[in-house]
Amino acid sequence: MKAWVFGDDIDTDVLAPGRYMKLGIEEISKHCLESVLPGFASSVRKDDVVVAGRNFGCGSSREQAPAALKELGVSALLAESFAGLFYRNSLNLGLPALVCGGARRIRSGDQLRIDYDKGEIENLTTGETLPFEPIPAHLMEMVRDGGLLPHLEKRLKCRTTS
Amino acid sequence: MKQTLAQKLVARAAGKSSVKPGEIVTCKVDLAMMHDSGGPRRVKPMLERLGAKVWDPSKVVVITDHYLPAYDEESRRIIHIARHWAASAGVQNLYDGQGICHVVLPERGHLRPGMFVVGGDSHSPTGGAFAAYMFGVGATEMLGVLVTGEIWLKVPHTIVMDFSGELSSGVSAKDMMLFLIGRFGLDGGQYQAVEYRGAAIRKLAMQERMTLCNMTAELGGQTGLISSDQVTEAFLKTRIETWESDRDAPVLAHHRFNATELAPQVAAPHSPANTKPVGEFKDVKPTLAYIGACTGAKLEDLRMAAVVLKGRKAKMRLLVAPASLRDQETAEKEGTLKILLDAGAELLPNACGICAGYGEHLLPENMVAISSTARNFKGRMGAASSQVYLGSPYTVAASAVAGRICDPREFLQ
């Protein structure tokens, strides 16, 4: 899992630009972060991790912002803090958004490993271990189910069968 | 236990007598508002996948504002889905082509103090101006609300922004917000409830209060709140309950400012937090002035622009997209619209338009613009190389007349 590091206040307009919003997520994701890091969409690989500073995902309620990252194969987001609406959207899509006070210590290109049980990020490049705040307990089941839609699907099925 | 307005609103929706900040609660939703972009086109396929129906169609409002006027195949399809879905789901509250959702919702009487409301748009805190707990959610979260009628919430702390005194002539709610965002940053609201209090707030017209709560999104609050009073009641034209914080209810922070001392503010590219007093930007020469959006083109905003533009001509292209059809009609009846048009303004449809990066008038490469909208993030309103400065409707109008970013008070002596 390679780290891609960004700064503070990365907003939803750079994650999912409005002019592409009428298109499907596959098209939108090609333009994800292009205005701050040209070529990101074509270079990022499956399971890579996006790391940022404060207030990641500020701005719009557009769910296409975390959805674009997920579409590109990003497996987790690490940041010092997230904008609240974006945080809810990410978890609702089953994309883990992890609050990590030491996110700034990670450099672009570092290889990371995330241990969800221990709540730790291991930086394989530097040998450093960084703790992250656990995802709130009432949301963990939903994230494990892959997001709110599959979670609701499971709940509705249980209701019909019981 | 002393409770803030936010706590009281959440407690009511959660069916509890009181709640504590930090507590996780499940709230019953009184009203769910969606627009064409984040609404039907996104939730319809998910509802179908679940085989689920809307929990209570009478509590859902659909407003088309993002892809209007439809200008190509995709936008026509998106608008069609919104209209068709509303009808098939039994949602009678469809406002099609009536203006921007945050302005249309209270204008058509859907908000009352005490309500708990979700909106499928980040500027949903606008509804907090009516002492309703209103906040933005994404499409999947909206699906959850549509299926269950409920949503989880971490009970917010309250951050109080207390303005004494009274705004000077040529200074507006927009300036208050740009000042606060510049001072506290895009995450200053910490996703808590931001409550606006003080003598200066009480003196604000309802739509100016809406501007405060609207830009609580840029301040990073979950919602912005103002307790209800006679101004709220007069706007809603109906008897309302008073909803307000208990005296001395504990808050996370209480910031005090004197509104009388506030100068017009401008935010430089590419962040609403890049704010300084207008005088710092007098060498900037935009080629486009834009008065638009739920933040900056309500009736009160158009009136502000007219105060400056009366008897004057714009020296640059001036685009005006009134936030709602009803506001535009009122502006026309009272003569406000004529003042804008006589100054050279071009009228655009009652929709989100350029502000949200939608439609046909996006900013071209390297264009410098002054705008009454809420956000100037890189590439939001068009090309990534365009430069957007944010100001109040007074400041945008004054800049249009001066040919450079200009303090509106120069025209209001």
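Residues numbered from 1 in each chain as written. Chains lettered and ligands numbered in written order. Predicted model: local features only at pLDDT ≥ 70, side-chain atom pairs only at ≥ 80, totals over all residues. Heavy atoms only, no water.

Participant: Residue-level account of the overall build of chain A, with values.
Facilitator: Looking only at helices and strands, one finds seven helices and seven strands in chain A. On C-alpha atoms alone, chain A measures out to a radius of gyration of 16 Å, which is about the 15 Å that the 2.2 N^0.38 rule sets for 162 residues. Residues classed as buried in chain A amount to 57% of the 162 residues present. Restricting to contacts in chain A with at least 6 residues of sequence separation, those with at least 24 account for 64%. For chain A, the exposed area adds up to about 6,900 Å²; of that, 51% sits on carbon and sulfur atoms. Both charge centroids of chain A, one from 20 positive and one from 22 negative side chains, sit 3 Å from each other. (Helix = DSSP H or I, 4+ residues; strand = E, 2+ residues; numbered from the N terminus. Rg over C-alpha atoms; globule rule 2.2 N^0.38 Å. Buried < 20%, exposed > 50% of the residue type's maximum accessible area, 1.4 Å probe, protein only. Contact = heavy atoms within 4.5 Å. Areas by Shrake-Rupley, 256 points an atom, 1.4 Å probe, with all protein chains shown as cover. Lys, Arg positive; Asp, Glu negative; His and termini not counted. Charge placed at Lys NZ, Arg CZ, Asp CG, Glu CD.)

Participant: Could you give an account of the packing of helix α4 (residues 64–71) of chain A against helix α5 (residues 84–92) of chain A, with specific residues and numbers?
Facilitator: Residue and element names in this part refer to chain A. Contact pair α4 / α5: the axes reach a minimum separation of 8 Å and the direction vectors enclose 45 degrees. The angle between the axes of α4 and α5 places the two elements in the oblique class. The element α4 and its partner α5 pack so that their crossing is right-handed. On the side of α4, the interface is formed by A65, P66 and L69, while α5 contributes F86, N89 and S90. Of the residues belonging to the contact of α4 with α5, the class tally is four nonpolar, two polar and no charged. (Axes fitted to C-alpha atoms, helices over the stretch in contact; angles between N-to-C directions. Parallel < 35°, antiparallel > 145°, perpendicular 65-115°, else oblique. Left-handed = near helix turned anticlockwise from the far one by under 90°. Nonpolar A, V, L, I, M, F, W, Y, C, P; charged D, E, K, R; others polar.)

Participant: Describe the sheet that holds strand β5 (residues 116–119) of chain B, and please don't skip the residues or the numbers.
Facilitator: Residues and elements named next belong to chain B. The strand order across the open sheet formed by five strands is β4-β3-β2-β5-β6, and the pairing between neighbours is parallel. Every other strand in the sheet has two partners, leaving β4 (93–96) and β6 (133–136) as the edge strands with one partner each. Strand-to-strand twist across the sheet, computed as the mean angle between neighbouring axes with direction ignored, equals 15 degrees. Where β5 meets β6, four bridges bridge the pair, whose relative direction is parallel. Note on β6: the bridge partner recorded for F116 is Y133. The strands that helix α1 (residues 5–14) touches are β5 and β6; relative to β5, the one it contacts most, it runs at about 90 degrees. (Pairing = 2+ DSSP bridges.)

Participant: Any details on helix α13 (residues 325–334) of chain B? Residues and values, ideally.
Facilitator: All names here are of chain B. Taken residue by residue, α13 has D327, Q328 and A331 as its buried positions. Angularly, the buried residues of α13 cover 100 degrees about the axis, an arc narrow enough to put them on a single face. Away from its buried face, by an angle of more than 90 degrees, α13 presents the exposed residues E332 and K333. Residues of α13 that are buried in the fold lie against α4 (101–107), α8 (206–214), α12 (299–309), α14 (336–342) and β16 (346–347). Looking at the residues trailing α13, positive phi occurs at G335, about 95 degrees. (Arc of directions from axis to C-beta.)

Participant: Break down the pattern of salt bridges for me, with residues and values.
Facilitator: Scanning all chains against the criterion turns up 37 salt bridges over all chains. Ionic pairing is found between R42(B) and E63(A), a salt bridge with its closest N-O pair at 3.1 Å. Of this pair, R42(B) sits in helix α2 (residues 40–50) while E63(A) sits in the loop between β2 (49–52) and α4, each in a different chain. With a relative accessible area of 1%, E63(A) lands in the buried category. Between K8(B) and D246(B) there is a salt bridge, with its nearest N and O atoms 2.8 Å apart. Separated by 238 residues along the polypeptide, K8(B) in helix α1 and D246(B) in the loop between α10 (230–236) and β11 (253–258) bring together distant segments of the chain. (Salt bridge = Lys/Arg side-chain N within 4 Å of Asp/Glu carboxyl O.)

Participant: Before we move on, can you summarise the packing of aromatic side chains with the specific residues and values?
Facilitator: Using the criterion set out here, one finds 16 aromatic pairs over all chains in the structure. An aromatic cluster is present here, built from F56(A), F82(A), F86(A) and Y87(A) joined pairwise through their rings. Here R88(A) stacks its cationic end above the ring of W152(B), 3.8 Å away from the centre of that ring. (Phe/Tyr/Trp six-rings, centres within 6.5 Å; stacked < 30°, edge-to-face > 60°. Lys NZ or Arg CZ within 6 Å of the ring centre and 35° of its normal.)

Participant: Provide a residue-level description of empty space enclosed by the protein, including the pertinent values.
Facilitator: Applying the stated criterion across every chain, the model contains three cavities of 30 Å³ or more. Approximately 290 Å³ is the volume attributed to the largest cavity. Around the largest cavity sit 30 residues that line it, and S60(A), H35(B), H66(B), D121(B) and A356(B) are the ones nearest its centre. Sorting the residues of the lining of the largest cavity by element identifies α4 and α11 (293–296) of chain B as the ones contributing at least two each. (1 Å grid on protein atoms, 1.4 Å probe; cavity = no way out; pocket = protein on both sides within 12 Å on 5 of 7 lines; lining within 4 Å. Points joined across faces, edges and corners; volume = space filled by probe spheres on them.)

Participant: Pulling in residues and values, what's your account of the interface of chain A and chain B?
Facilitator: Buried accessible area, meaning the area lost when the parts come together, often serves as the stated size of an interface. Each partner contributes to the interface: chain A provides 35 residues, whereas chain B provides 44 residues. With both sides pooled, the region where chain A packs onto chain B buries about 3,300 Å², and carbon together with sulfur makes up 54% of that total. It is K22(A), R88(A) and L149(A) in chain A that bury the most area against chain B; as a group they hold 23% of the surface buried on that side. Joining chain A to chain B, the criterion identifies seven salt bridges. Inspection of the region where chain A meets chain B yields 21 residue pairs in polar contact (both at pLDDT 80 or more). Those elements giving two or more residues to the side of chain A that touches chain B turn out to be α1 (12–15), α5, α6 (137–144) and α7 (148–161) of chain A. The leading source of residues in the side of chain A that touches chain B is α7(A), at seven residues. Residue classes in the side of chain A that touches chain B are distributed as 12 nonpolar, 12 polar and 11 charged. (Buried area = accessible area lost by both parts, 1.4 Å probe. Polar contact = N/O pair within 3.5 Å; in protein donor to acceptor, adjacent residues only side chain to side chain.)

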